[in-house]
Amino acid sequence: MDRRSFMATTGSASLVGGALAAGAGLAAPSAEAAPRRPDRGRTVRFNIISDIQGDLADFGRALDDLHRINPNSAGLGIAGDITPRGYDFEYAAVRQTLERHPHPRNVAWAIGNHEFYVPKYSDPNTLAEATWPNGTTEDSLFRSFYNFAGRNKVYSETSFGGVPVLSLGTERYSHYHDAKLWDEVWISDAQFAWLEDRLAYWARRRRPVMVLTHHPLPNTVSGTHNKLYLNDYLQPDRLLSILGRHKDVFLFSGHTHWDLNLSDWVVRRVVPGTGNLEGFTVVNTSAVQVGWMDDGKGGEVSLGGAFNQGLQVEVGAHSVVIKARDFTTGTWLKQLTVPLHTGS
């Protein structure tokens, strides 16, 4: 896969006043729309990473650094590509690394495309794409993820210190169902209905909601204007129409591995027809494994060198602060404050 050219920005920023309202479908929250929200003096802090893909050394470094900066973290979200291929022994190695390093008790897992790559191999040491699926069933791939994540559905809800976190994911590996497709995300009516219901539930309670998904939505954060990432979802408009109704939804997506130094690491996505002219917040999670960038030809190329990035999210009474972290250097790259429209 490829990625895209990047513009570095450092320091602090805010969505107030449209600082990131660049490009079609992007807008900033209006200060007038912010309702009263009682300040209980408590901020919930948690962390989000993605795309480990077998880089367990960097995964361990990320866990250690996150513990240093946020020892009382309310949770850890991992937005897919947990393993390089989806073998049970690869899941076990991730679990062992997690247990060897300090980490929050609450961990939310989202499934990624790399969790479906076992069928490309006739055995763990032999790539055999010509004979795909090499005897591997689609059901066995989901079963491996369920056993690891400790649940029986791709989608789930957890709580990070009272902040609702919803994990989404594909319910089919598309190549089993259409020879012309590979990693495209398919979401069932049941998952769509569940997502709609949970977002409405928390909206009635005036609470912000964090949503984890591996694949990015088109024309949102870094990399998603590149042709490589415009067709990751088979039903993008349906998903956007649900998310786009809610001003205080925060969607975290991985998959691209694009650098958090890019200016469009966080955007507001406005979905026409939803009645929400301020949009919802979309955040790039970057990657643990390796970074990518634009190659200037419509594709992407590896950044090379050490790369290991992720996020800290701080949910307060009136706003959410999103911080980008470089785990290799142990430094903050930037931060951005998003005002909330909700009230507790």
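Just so it is clear, the structure is predicted and the values come from calculations on it, not from any experiment.

(A) Structural view of the overall build of the protein chain. Within the protein chain, the regular secondary structure consists of five helices and 17 strands. Scored against the burial criterion, the 344 residues of the protein chain give a buried share of 57%. Residue pairs in contact within the protein chain that sit at least 24 positions apart in sequence constitute 74% of those at least 6 positions apart. Surface exposure of the protein chain reaches about 13800 Å², of which carbon and sulfur atoms provide 50%.

(B) Layout of the packing of aromatic side chains. Taken as a whole and judged by the stated rule, the model has 13 aromatic pairs. Taking 5.3 Å as the distance between ring centres and 25° as the angle between the ring planes, the aromatic pair formed by Tyr87 and Phe89 counts as stacked. Tyr87 sits in the buried class, given a relative accessible area of 12%. Pairwise contacts between aromatic rings join Phe116, Trp132, Phe142, Phe145, Tyr146, Tyr173, Tyr176 and Trp182 into one cluster. Over the aromatic face of Trp186 sits the side chain of Arg172, whose NZ or CZ is 3.8 Å from the ring centroid.

(C) Up close: helix α2 (residues 88-100). With 13 residues, α2 ought to run about 18 Å at 1.5 Å a step, and its terminal C-alpha atoms sit 18 Å apart, in line with that. Along α2, the residues that are buried comprise Glu90, Tyr91, Val94, Thr97 and Leu98. Seen along its axis, α2 keeps its buried residues to an arc of 120°; they face one direction. Opposite its buried face, α2 presents the exposed residues Asp88, Glu99 and Arg100, each directed more than 90 degrees away. Those residues of α2 that are buried are in contact with α1 (56-69), β4 (107-110) and α3 (138-149).

(D) Layout of the environment of Leu66. Here Leu66 shows up in helix α1. For the pair Leu66 and Pro104, spaced 38 residues apart in sequence, the C-alpha to C-alpha distance is 9.8 Å.

(E) Representation of empty space enclosed by the protein in the model. Across all of its chains, the model carries one cavity of 30 Å³ or more by this definition. Lining the largest cavity we find Ile111, Gly112, Asn113, Leu168, Gly169, Thr170, Val185, Thr213, His214 and His215. Of the residues belonging to the lining of the largest cavity, the class tally is three nonpolar, seven polar and no charged.

(F) Main features of the pattern of salt bridges. This model, assessed by the stated rule, comprises 13 salt bridges. Between Asp189 and Arg238 there is a salt bridge; the shortest N-O distance is 2.8 Å. Note that Asp189 is positioned in helix α4 (residues 189-204) and Arg238 in helix α5 (residues 236-243), a separation of 49 residues in sequence. Assessed through its relative accessible area of 37%, Arg238 is described here as partly exposed.

(G) Just the nonpolar core, in detail. Counting residues in each nonpolar core, the largest one holds 29 residues, and the members touching the most others are Ile49, Phe59, Ile78, Ile82, Trp109 and Phe145. For this core, the secondary structure elements donating two or more residues are α1, β3 (76-79), α2 and α3. Among the elements that make up this core, the one with the highest residue count is α3 (five residues). Filtering out sequence-adjacent residues up to four positions away, Ile49 remains in contact with Phe59, Leu66, Leu76, Gly77, Ile78, Ala79, Val288, Gly310 and Phe327. With 28 residues, the next largest nonpolar core counts Met210, Leu212, Trp265 and Val283 among its residues.

(H) Quick peek at the pairing of strand β12 (residues 280-284). Taken across its five residues, β12 has five buried, putting it largely inside the fold. Burial of β12 is two-sided: the residues Phe280, Val282 and Asn284 facing one way and the residues Thr281 and Val283 facing the other way are all buried.

(I) Highlighting the sheet that holds strand β11 (residues 266-269). Read from one edge of the open sheet, six strands run β7-β8-β9-β10-β12-β11, paired in mixed fashion. Edge positions in the sheet fall to β7 (156-160) and β11, since each of these pairs with one other strand and no more. Strand-to-strand twist in this sheet, taken as the mean axis angle between neighbours without regard to direction, amounts to 25°. Bridging between β11 and β12 involves four bridges; their strand directions are antiparallel. Counterpart to Arg268 in the pairing with β12 is Thr281. Along the sheet face, α4 touches β7, β8 (163-167), β9 (209-213) and β10 (249-253) and points at about 170° away from the line of β8.

(J) Main features of the packing of α4 against α5. Running from N to C, α4 and α5 cross one another at 15°; their axes reach a closest spacing of 10 Å. Classified by the angle between their axes, α4 and α5 sit roughly parallel to one another. Classified by chirality, the crossing of α5 by α4 is right-handed. For the pair α4 and α5, contact is made by Asp189, Phe192, Leu195, Glu196 and Leu199 and by Arg238, Leu239, Ile242 and Leu243, respectively. Here the residues of the contact of α4 with α5 are counted per class, giving six nonpolar, no polar and three charged.

Reading the values: the criteria
Residues numbered from 1 in each chain as written. Predicted model: local features only at pLDDT ≥ 70, side-chain atom pairs only at ≥ 80, totals over all residues. Heavy atoms only, no water. Helix = DSSP H or I, 4+ residues; strand = E, 2+ residues; numbered from the N terminus. Buried < 20%, exposed > 50% of the residue type's maximum accessible area, 1.4 Å probe, protein only. Contact = heavy atoms within 4.5 Å. Areas by Shrake-Rupley, 256 points an atom, 1.4 Å probe, with all protein chains shown as cover. Phe/Tyr/Trp six-rings, centres within 6.5 Å; stacked < 30°, edge-to-face > 60°. Lys NZ or Arg CZ within 6 Å of the ring centre and 35° of its normal. Expected span 1.5 Å × (residues − 1). Arc of directions from axis to C-beta. 1 Å grid on protein atoms, 1.4 Å probe; cavity = no way out; pocket = protein on both sides within 12 Å on 5 of 7 lines; lining within 4 Å. Points joined across faces, edges and corners; volume = space filled by probe spheres on them. Nonpolar A, V, L, I, M, F, W, Y, C, P; charged D, E, K, R; others polar. Salt bridge = Lys/Arg side-chain N within 4 Å of Asp/Glu carboxyl O. Core = buried A, V, L, I, M, F, W, Y, C linked by side-chain atoms within 4.5 Å. Pairing = 2+ DSSP bridges. Axes fitted to C-alpha atoms, helices over the stretch in contact; angles between N-to-C directions. Parallel < 35°, antiparallel > 145°, perpendicular 65-115°, else oblique. Left-handed = near helix turned anticlockwise from the far one by under 90°.

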